[in-house]
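Observations on the model geometry
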Amino acid sequence: MTKIYIFSALLISYFAYSLAVYTRGTDETASGPLPGKTEVTLGKRLYQEKNCSSCHQLYGLGGYLGPELTTAFSDPNRGELYLRAFLQNGGPRMPKFDFTEKEINSIISYLEYIDHSAISYRKK
Amino acid sequence: MNTHPAQLPVNNSYSTDNQSRSYLMLSLCYLLLGLLLGTLGAFQYLLPDLLKNKISFQQARPLHVYLVISWIFTAAQGGLYYYLPRVAGRELYWKQGITVQLLLQLCTSILIIVSFFDGQFGGREYFEFPPSLGMGIALSWLPLLINFFLTLRPDYRTAPVYIWSWGTGLVFFMITLSESYLWIFDYFNGNIVRDMTVQWKAMGSMVGSWNMLVYGTGMYVMERISGDKGPCRSKTGYFFYFLGLTNLMFNWGHHTYIIPASPWVKTVSYVISMTELLILGKIIWQWKSTLKDARKNYHHIAYRLLVFADIWIFLNLVLAILISVPALNYYTHGTHITVAHAMGTTIGINTMLLMASVFFILKTENEEGVESGRKTIHAGILISNAALAVFWGSLVASGILKISSSLNRESFSYTMTKSIPFFKLFTYSGAAITAGLLLLVFIALWLLYPEPDPLPPAD
Ligand code: HEM
């Protein structure tokens, strides 16, 4: 019987903890002047549909063939124009996607939004 | 009365055995394809133009990961289908369920592979296919859930640990699979911190769920080899099961330390982290001392695989504990050290345990066949484990190199160029792992191929 009690207690804690994580545990951290929401959503969709994460990491998660992009937007050595150049032309290993101007803008907005959310990077 | 279990199965066959064997064959096909695509992906690190227009890296990587993960849970499922009637002492509840599941899974896999080749992605690790296909995966698991609970009808007060472990794995796979699709709702999708935290919460626990399946199988095979029913019913056995379950539920946060969720998410996972691997090491350790030489020798192949899994548990345990310490994780996260952890555990532990299960089944079903391939099998085991040691080391080394580069603020392309020697080592040793494991795959496929005249039914 004890086993069944322990199991039930763990299961209830699991669901309670999940709820806490879905709500207070993960409040929005991005603030300041943010890019438009529709742009960001489109950018995110493209990021997923082209599977950028197979080569790039956000918050250190993803594939490892390409560079980490979380703070690329505000990185003094990279920044918006640099990102734009790669999205337009590809690179030695980065594929050339035939994005429209609008698509490139929205991907950059998405990366800008992520950069704003990355308060854990700034503290360090 | 107490006939040694290893000597029983010859005259202990069930009408679904051929179906279970087909299921295991499917799992080996996943491994075969997955290994080839992993090797391709690795070579693409060295030769950027290799097959670039046919199977680019952004196709090869998700295909590799999808296929090898499928190997892991399909092999666990196939084994479970074979063991269920034996544990329950009766035929499966829904016999055609195996074939239904096999067909559902095959169709889903074909759709997934086609969509990858077609360049259609969902773009979410580790299931990077379009989200609608997740439904196919969920559906294909249902027959096993039905068969598991209705064939065993377990009495949870007395059920051995592996039954708890299997049941937990099955249920949590469904829970976490659903959770990994929460992102389709804007509430999750619109907030990157929430989205990524919940995704890795789901994925972290999903890995825990298939570990439950695989470890359950490892424990069952151990019990059968040793003939000792004690450990799987002991207090320690259950204690470690619950510790594993606690880990499955709460340790996932070590994937997301860097994501700015609330600090307690980090604390909870840090405190609970990574006792999971210790768990099995401890159990196997105990069993090993109870194994008698004759029994070890009877199932020497399965036994040797279990011993290798044991070594990998210890090595990966050390690495896992180190990278779960936030101060170290800050540096190792996002480097190939994570890949060393991911592949070290999935190859060294999961694949070795599942191979042990496959060869345990083969030995009981077709002893002569296994004996005739004995040399090749041992060669396959040795080659793959030796190569894995080099592979693992080269991944850790290239991770350390990346850390030192980023401390020196070197550019990405410079770091990549400096890492080439390690990538070479990684690629060549990876190819050797592929070669070693393929020896096992081919022999197992050959021996699993159903015989024309079925064995006589149980007496
Ligand atoms: C049973 C065998 C294998 C399993 C279970 C396995 C599993 C995995 C997993 C889970 C990942 C994702 C890692 C992460 O995200 O951190 C991965 C990535 C990868 N694997 Fe494997 N793997 C296996 C064999 C191989 C072999 C033999 C090779 C090479 C010859 C290989 C090459 C790769 C490559 C190139 C990646 C991508 C790494 C990156 O993004 O930089 N794998 N594998």
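Within each chain, residue numbers correspond to sequence positions counted from 1 in written order. Naming scheme: in the order in which they are written, chains are lettered from A and ligands are numbered from 1. pLDDT decides what is reported in this predicted model: residues at 70 or higher carry local features, side-chain atom pairs at 80 or more are listed and counted, and totals for whole chains, interfaces and linings draw on all residues regardless. Derived side-chain values reflect all non-hydrogen atoms in the structure, with water molecules and hydrogen atoms excluded from consideration.

This brings us to the domain arrangement of chain B. Residues and elements named next belong to chain B. Those domain boundaries reflect an automatic or database domain assignment. Parsing chain B into structural domains produces domain 1 (15-153) and domain 2 (286-449). If you look at the interface, domain 1 gives 24 residues, while domain 2 gives 31 residues. Accessible-area loss on putting two parts together, using a 1.4 Å probe and summing over both, is the definition of buried area adopted here. For the pair domain 1 and domain 2, the summed buried surface comes to about 2,500 Å²; carbon and sulfur atoms form 77% of the total. Looking at the side of domain 1 facing domain 2, the largest losses of area belong to Arg21, Leu28 and Tyr45, adding up to 24% of the total buried there. A side-chain nitrogen of Lys or Arg and a carboxyl oxygen of Asp or Glu constitute a salt bridge if their distance falls within 4 Å. Inspection of the region where domain 1 meets domain 2 yields one salt bridge. The salt bridge partner of Arg21 is Glu365, with a shortest N-O separation of 2.2 Å. Counted as a polar contact is a pair of N or O atoms within 3.5 Å, where, for protein atoms, one must be capable of donating a hydrogen and the other of accepting one, and residues adjacent in sequence contribute only when both atoms are in side chains. Along the contact surface separating domain 1 from domain 2 lie nine residue pairs in polar contact (both at pLDDT 80 or more). For the side of domain 1 that touches domain 2, the elements supplying multiple residues, two or more each, are helix H1 (17-46) and helix H2 (57-88). It only takes one pair of heavy atoms within 4.5 Å for two residues to be counted as in contact. In DSSP terms, a helix is any run of H or I states spanning at least four residues, a strand is any run of E spanning at least two, and both are numbered starting from the N terminus.

Bringing the packing of aromatic side chains into the picture now. The rule is short: rings of Phe, Tyr and Trp, with Trp giving its six-membered ring, pair when the centres are within 6.5 Å, and they are stacked under 30 degrees, edge-to-face over 60, tilted in between. Enumeration over the complete set of coordinates arrives at 41 aromatic pairs over all chains. On the basis of an interplanar angle of 75 degrees and a centroid distance of 6.4 Å, the ring pair of Tyr45 of chain B and Phe426 of chain B is categorised as edge-to-face. Remark: Phe426 of chain B occurs in helix H17 (residues 412-448) and Tyr45 of chain B occurs in helix H1; sequence separation between them is 381 residues. When sorted by exposure, Tyr45 of chain B lands in the same class as Phe426 of chain B, which is buried. Pairing Phe116 of chain B with Phe129 of chain B gives two aromatic rings, centres 6.4 Å apart and planes at 50 degrees, and the pair type is tilted. Here Phe116 of chain B is found in helix H3 (residues 97-117), whereas its partner Phe129 of chain B is found in the loop between H3 and helix H4 (133-152), with 13 residues between them in sequence. The burial state of Phe116 of chain B is the same as that of Phe129 of chain B; both residues are buried. Put simply, the rings of Tyr82, Tyr83, Tyr162, Trp166, Tyr220 and Phe360 of chain B touch in pairs and so form one group of aromatic residues. When the ring centre of Tyr238 of chain B is taken as origin, the NZ or CZ atom of Lys3 of chain A, which lies over that ring, is 4.0 Å away. Each ring is checked for a lysine NZ or an arginine CZ that lies within 6 Å of its centre and within 35 degrees of its normal; such an atom marks a charge sitting over the ring. The lysine or arginine in question, Arg86 of chain B, covers the ring of Tyr82 of chain B, its NZ or CZ lying 3.8 Å from the ring centre. A 1.4 Å probe rolled over the protein chains alone gives each residue an accessible area, and that area as a share of the maximum for its type sets the label: buried under 20%, exposed over 50%, partly exposed in between.

Now for the nonpolar core. Residue and element names in this part refer to chain B. Membership of the largest hydrophobic core comes to 168 residues, with the highest contact counts inside it found for Trp71, Phe127, Phe129, Met355 and Phe359. The greatest single-element share of this core, amounting to 17 residues, is contributed by H2. Counting contributing residues, this core receives three or more from each of domain 1 (15-153) and domain 2 (286-449). In this structure, Phe129 is in contact with Tyr66, Ile112, Ser115, Phe116, Phe121, Gly122, Gly134, Ile137 and Tyr181, ignoring residues within four places of it in sequence. By convention a nonpolar core is built from buried Ala, Val, Leu, Ile, Met, Phe, Trp, Tyr and Cys residues, the set being connected through side-chain atoms within 4.5 Å.

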